[in-house]
Amino acid sequence: MNQPTHNQMATYLTNYALSELVKYVIEDTGCSIEQAMERVYNSPLIEMLQDEEGELYVQSPAYLYELMNKM
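Residue numbers run consecutively from 1 along every chain, following the written order of its sequence. This being a predicted model, a pLDDT of at least 70 is required before a residue's local features are given, and a value of 80 or more before pairs of side-chain atoms are given or counted; all residues contribute to the totals for chains, interfaces and linings. Hydrogens and water are ignored here; the side-chain numbers use all heavy atoms of the structure.

A. Geometry of the overall build of the chain. In terms of helices and strands, the chain carries four helices and zero strands. A helix here means a DSSP run of H or I that spans at least four residues, while a strand means a run of E at least two residues long, and both kinds are numbered starting from the N terminus. When the helices and strands of the chain are listed from N to C terminus, the series reads α-α-α-α. Taking the principal axes of the C-alpha coordinates as reference, the chain spans close to 40 × 25 × 15 Å. By the burial criterion, 30% of the 71 residues in the chain qualify as buried. The contacts of the chain with a sequence gap of at least 6 include a subset with a gap of at least 24, amounting to 57%. Only carbon and sulfur atoms are counted for the fraction: they give 51% of the accessible area of the chain, which is about 5,000 Å². Three labels apply to residues, based on accessible area from a 1.4 Å probe with only protein chains included: buried if under 20% of the type maximum, exposed if over 50%, partly exposed otherwise in between. Whether two residues touch is decided by their heavy atoms; if any such pair falls within 4.5 Å, the residues are in contact. For every accessible area listed, the method is Shrake-Rupley and the probe measures 1.4 Å; residues are considered covered only by the protein chains on display.

This is how it looks when you write it as structure tokens:
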């Protein structure tokens, strides 16, 4: 069985974190999924999260949500 590459792992973890962030926004605000996605994807955090060199994607979604709310 082949091991996933670093890029594949980063993509998976980033996508997982983004989906969790959207869920958190919906739970906290009661907004629609579209509004939650807009909030997450327009956040300054998105650029930081997608930067593989920064490896922010390895942090827990809960931590990332708190960070996003402070921006």
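From this point, the narrative continues.
B. Structural context of the pattern of salt bridges. Basic side-chain nitrogens of Lys or Arg form a salt bridge, by our definition, when they fall within 4 Å of a carboxyl oxygen of Asp or Glu. Using the criterion set out here, one finds one salt bridge in the structure. Between lysine 23 and glutamate 20 there is a salt bridge, with the nearest N and O atoms lying 3.1 Å from each other. Taken together, the positions of lysine 23 and glutamate 20, both in helix α1 (residues 6-29) and three residues apart, correspond to about one turn of that helix. A relative accessible area of 44% places lysine 23 in the partly exposed class.

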